[in-house]
Amino acid sequence: FSCKLSCTPELWNPRESRLNGKGKEAVETNAKIEKLLLAVNNAFDSLMSRKVDFDATDVKNHFQGCMETQMTLMRMTDVVCDDLKARIGIDRAKGTYPGYHYMRLTLGEFIKHQYKVKDLSFGQLTEQFIHDYENFILDEKGHAVDTARHYLAIVKKSCRKAYKEGHSERFMFQHYVLPKQTVKTPKALCRESFEKIRDVEIAPHRTTHRLARDLFLFACYTGVAYSDAVTVTRENLYTGEDGKLWLKYRRKKNELRASVKLLPEAVALIEKYHDDSRDTLFPMIHYPSMRNHMKTLAVLAGIKENLCYHVGRHSFASLVTLEAGVPIETISSMLGHSNIQTTQVYARVTPKKLFEDMDRLIEATGDLKLVL
């Protein structure tokens, strides 16, 4: 087996299996070799005391810890995945788990491809392992950088857990820096495209297309995600002190509370689909159908943007609220975000808002004089 030690080649004495000299490197490396030999001899003596037949493989397994009994990388990954699964519905969404599941499959495939075994002990891991796994994800599997970052973060998390629980002598990949996350500008509609979708003529017999369009407009007016829009009920509607209607609900994604004051257009959509025989505010439309109908809407409206339901949420954050001068802290509360940094990504500063803010600044500082 490999002892995972390295040294200056010129110092190595093959006959003695030690380093020559009394320098710091030679003394420290020779001490580690002696420690390994002592551990091997202890394993040998332990097997001898059992008074049963054994061979060199048994000594090696007893020294390193048998793969059947020790905590290995794949087993620790299973523990991390099971911990996440147990938290679904508490502080984790159901959609979080598939990423962990597919990461576990990819890791097992990589170990079998690279090392021709089903699992690895933490003592067998090296710094090169994480780089080889990253290349496997990107080159062999063809995944995106963000996917690789997510998978590598789970491996790092498993190694950290193993170190804290005493299954690993050191925290593997402690200094490994994850690939930089790709920052994408959220897609939001411009006012012209929004008005085209709002005013597009849809044939009366295309009831599901009309429903898809209205649900999308509801997202533009409220910022409600698809999974919440098809499940909110009249119990989520509240009348404020000013007599205005509010929509208050807990997001399915993170269970955080979102509160938004309904615009007249949103109230009109709710009343349009009012039905006492149904608990939800809107009829159910399954997401695959919703996705297909959004593509049809883009063609009917004559817009070139790739249209999906979530674009409505982005449009609410930027086009409807931010451009109207709503503070970003308020937008964060309406969207149900856990921190304002998430809102800053969604609610990008539009050129119109930038120009308006600069005009306001120039007007406010117009009477100031520069004194040198």
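Reading the values: rules and limits
Residues numbered from 1 in each chain as written. Predicted model: local features only at pLDDT ≥ 70, side-chain atom pairs only at ≥ 80, totals over all residues. Heavy atoms only, no water. Helix = DSSP H or I, 4+ residues; strand = E, 2+ residues; numbered from the N terminus. Pairing = 2+ DSSP bridges. Buried < 20%, exposed > 50% of the residue type's maximum accessible area, 1.4 Å probe, protein only. Contact = heavy atoms within 4.5 Å. 1 Å grid on protein atoms, 1.4 Å probe; cavity = no way out; pocket = protein on both sides within 12 Å on 5 of 7 lines; lining within 4 Å. Points joined across faces, edges and corners; volume = space filled by probe spheres on them. Phe/Tyr/Trp six-rings, centres within 6.5 Å; stacked < 30°, edge-to-face > 60°. Lys, Arg positive; Asp, Glu negative; His and termini not counted. Salt bridge = Lys/Arg side-chain N within 4 Å of Asp/Glu carboxyl O. Polar contact = N/O pair within 3.5 Å; in protein donor to acceptor, adjacent residues only side chain to side chain. Core = buried A, V, L, I, M, F, W, Y, C linked by side-chain atoms within 4.5 Å. Expected span 1.5 Å × (residues − 1). Arc of directions from axis to C-beta.

1. Examining the environment of Ser318
For step 1, the next point in the chain: In this structure, Ser318 sits in helix 12 (residues 309-322).
For step 2, the next point in the chain: Remark: the alpha-carbon pair of Ser318 and Ile331, spanning 13 residues in sequence, is separated by 9.4 Å.

2. Details of the pairing of strand 4 (residues 245-250)
For step 1, the next point in the chain: Bridging between strand 3 (residues 237-239) and strand 4 involves 3 bridges; their strand directions are antiparallel. Each bridged residue has a counterpart across the sheet, and for Leu237 the counterpart in strand 4 is Leu247.
For step 2, the next point in the chain: In this structure, the hairpin formed by strand 3 and strand 4 is closed by a connection of 5 residues, where Gly243 is found at a positive phi of approximately 85 degrees.
For step 3, the next point in the chain: Taken together, the 5 bridges between strand 4 and strand 5 (residues 257-261) define a ladder with antiparallel strand orientation. Bridged to Trp246 within strand 5 is Lys261.

3. Here we look at the side chain of Ser259
For step 1, the next point in the chain: By the secondary structure assignment, Ser259 is in strand 5.
For step 2, the next point in the chain: On the basis of relative accessibility, which here comes to 16%, the residue Ser259 falls in the buried class.
For step 3, the next point in the chain: Look past the residues within four positions of Ser259 in its chain and what remains in contact with it is Trp246, Leu247, Lys248, Ser333 and Met334.

4. Quick word on empty space enclosed by the protein
For step 1, the next point in the chain: Applying the stated rule across the entire model yields 1 cavity of 30 Å³ or more.
For step 2, the next point in the chain: If you add up the space inside the largest cavity, you get close to 30 Å³.
For step 3, the next point in the chain: Lining the largest cavity, in full, are Arg234, Tyr273, His274, Asp275, Arg278, Thr280 and Leu281.

5. Considering the packing of aromatic side chains
Both the distance between ring centres and the angle between the ring planes are used here to describe each pair of aromatic rings.
For step 1, the next point in the chain: Scanning the model with the defined rule gives 14 aromatic pairs in all.
For step 2, the next point in the chain: Between Tyr226 and Tyr309, the aromatic rings sit 5.9 Å apart at their centres with planes inclined by 75 degrees, giving edge-to-face as the arrangement. Pair noted here: Tyr226 is in helix 9 (residues 226-229) and Tyr309 is in helix 12, with a separation of 83 residues, a long-range link.
For step 3, the next point in the chain: The buried category is assigned to Tyr309, whose relative accessible area is 2%.
For step 4, the next point in the chain: Feature note: the residues Phe110, Tyr115, Phe129, Tyr133, Phe136 and Phe173 constitute an aromatic cluster, connected by ring pairs.

6. Some points on the side chain of Glu134
For step 1, the next point in the chain: In this structure, Glu134 sits in helix 5 (residues 127-140).
For step 2, the next point in the chain: No salt bridge is formed by the buried Glu134, whose closest oppositely charged neighbour, Arg149, lies at an N-O distance of 9.7 Å.
For step 3, the next point in the chain: Within the structure, Glu134 has its side chain in polar contact with the side chain of Tyr176 (distance 2.6 Å).
For step 4, the next point in the chain: If sequence neighbours within four positions are ignored, Glu134 has contacts with Leu152, Tyr176 and Pro179.

7. A closer look at the nonpolar core
For step 1, the next point in the chain: Core analysis: the biggest nonpolar cluster contains 48 residues, and Leu215, Phe216, Phe218, Leu247, Phe282, Met290 and Leu307 have the highest contact counts within it.
For step 2, the next point in the chain: Per element, the largest residue contribution to this core is 9 residues, and it comes from helix 8 (residues 207-222).
For step 3, the next point in the chain: In contact with Leu247, other than residues within four places in its own chain, are Phe218, Val224, Asn236, Leu237, Ala258, Ser259, Val260, Leu262 and Leu281.
For step 4, the next point in the chain: Counting residues in hydrophobic clusters, the runner-up holds 31 residues, among them Phe110, Leu120, Phe171 and Tyr176.

8. Here's the deal with helix 3 (residues 73-86)
For step 1, the next point in the chain: Counted at 1.5 Å a residue, the expected span for helix 3 with its 14 residues is 20 Å, and the 20 Å between its end C-alpha atoms agrees.
For step 2, the next point in the chain: Leu73, Met74, Met76, Thr77, Val80, Cys81 and Leu84 are the residues of helix 3 that are buried. Projected down its long axis, helix 3 shows its buried positions confined to an angular sector of 165 degrees, all on one face.
For step 3, the next point in the chain: Next to the buried residues of helix 3 lie helix 4 (97-115), helix 5 and helix 6 (145-164).

9. A look at helix 7 (residues 191-199)
For step 1, the next point in the chain: Looking at helix 7, one finds that the buried residues are Ser193, Phe194 and Ile197. Down the axis of helix 7, the buried set is contained in an arc of 100 degrees. They therefore lie on one face.
For step 2, the next point in the chain: Among the structural elements, helix 8, helix 11 (287-301) and helix 12 are those in contact with the buried residues of helix 7.

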